[in-house]
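So the chains spell out like this:
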Amino acid sequence: MKYYKIDYISIFNTKEEVLGYANGEFVHNGKEYFEKIGNGEIIKEAPVFNYFYLQTSGAKKEWEWRLQDVHGGAYEYPAGGYWYISDDFKLLLENFKIAPDYHFYETKLLYKGNKLKYWIFQSPINPFQNMDFQKCEFIIKDNINTYIFHSKEEYLLFYKKHYRETKTKLRSKIIFFNEYYDYVVNANTGDKLVSENLKNAIETLKLEGLEFFEIDYEVSVANS
């Protein structure tokens, strides 16, 4: 089973340098909605969030220098690293299998005077739920000892203690998922992972601003 890490490009070797982030400060009651979404709540009856705009810490004239199929969110935006994606990307994702739980929130993005349809992609709500910890393996920087845990709770207790004492993170050696998905997250690293099929579809459609990376750990899926 071949997976790739997927990420969006946010830093460029140009005079503008930084990609604009989605800011929803003008969304009616946005702060209330974004707080709930950031806390992992799915709001199925949410209104269309009207409107977002792109902003950086640089000069205002540079905020709209580039439009991608994926942006990050900042300022007034749900916490959790949820992506701000184009309608094309959302339509593609809906044709593939996304790990639960997730949700799309329709928004309007004001860009160069026009309002475009963009979406907050809230995923995953609980990245641990698809992982079988008894079949996952982790290592620390010496690459000698392998750690296996019997539950999420046992993993989290060790992880927090290890990080508090060493300021280093557990590295993934084998990540074992209970079910196959084309889009899934490695909860240990936070890596967003896509199947080779989804990667190929993104490249075929030439969605703007996405890049892929080989991963240095094994991904296994039950019954595959």
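1. Some words on helix 1 (residues 30-38)
The set of residues buried in helix 1 consists of Gly 30, Phe 34 and Ile 37. On an axial view of helix 1, the arc spanned by its buried residues comes to 60°, and they lie on one face. The outward face of helix 1, more than 90 degrees from its buried face, is lined by the exposed residues Lys 31 and Glu 35. The elements touched by buried residues of helix 1 are strand 3 (49-55), strand 6 (103-111) and strand 7 (114-122). Positive backbone phi, approximately 90°, marks Gly 40, located one or two places after helix 1.

2. Quick word on the pattern of salt bridges
This model, assessed by the stated rule, comprises nine salt bridges. Note that Glu 208 is salt-bridged to Arg 66, the shortest N-O span being 3.1 Å. Placement of the pair is Glu 208 in the loop between helix 4 (196-205) and strand 13 (210-213) and Arg 66 in the loop between strand 3 and strand 4 (70-71), with a sequence separation of 142 residues. The class of Glu 208 is partly exposed, set by a relative accessible area of 38%. Across the pair Glu 165 and Lys 161 runs a salt bridge, and its minimum N-O distance is 2.9 Å. Taken together, the residues Glu 165 and Lys 161, both in helix 3 (residues 152-166) and four residues apart, mark about one turn of the helix. Classification of Glu 165 by relative accessible area gives exposed; the value is 55%.

Cut-offs and rules
Residues numbered from 1 in each chain as written. Predicted model: local features only at pLDDT ≥ 70, side-chain atom pairs only at ≥ 80, totals over all residues. Heavy atoms only, no water. Buried < 20%, exposed > 50% of the residue type's maximum accessible area, 1.4 Å probe, protein only. Helix = DSSP H or I, 4+ residues; strand = E, 2+ residues; numbered from the N terminus. Arc of directions from axis to C-beta. Contact = heavy atoms within 4.5 Å. Salt bridge = Lys/Arg side-chain N within 4 Å of Asp/Glu carboxyl O.

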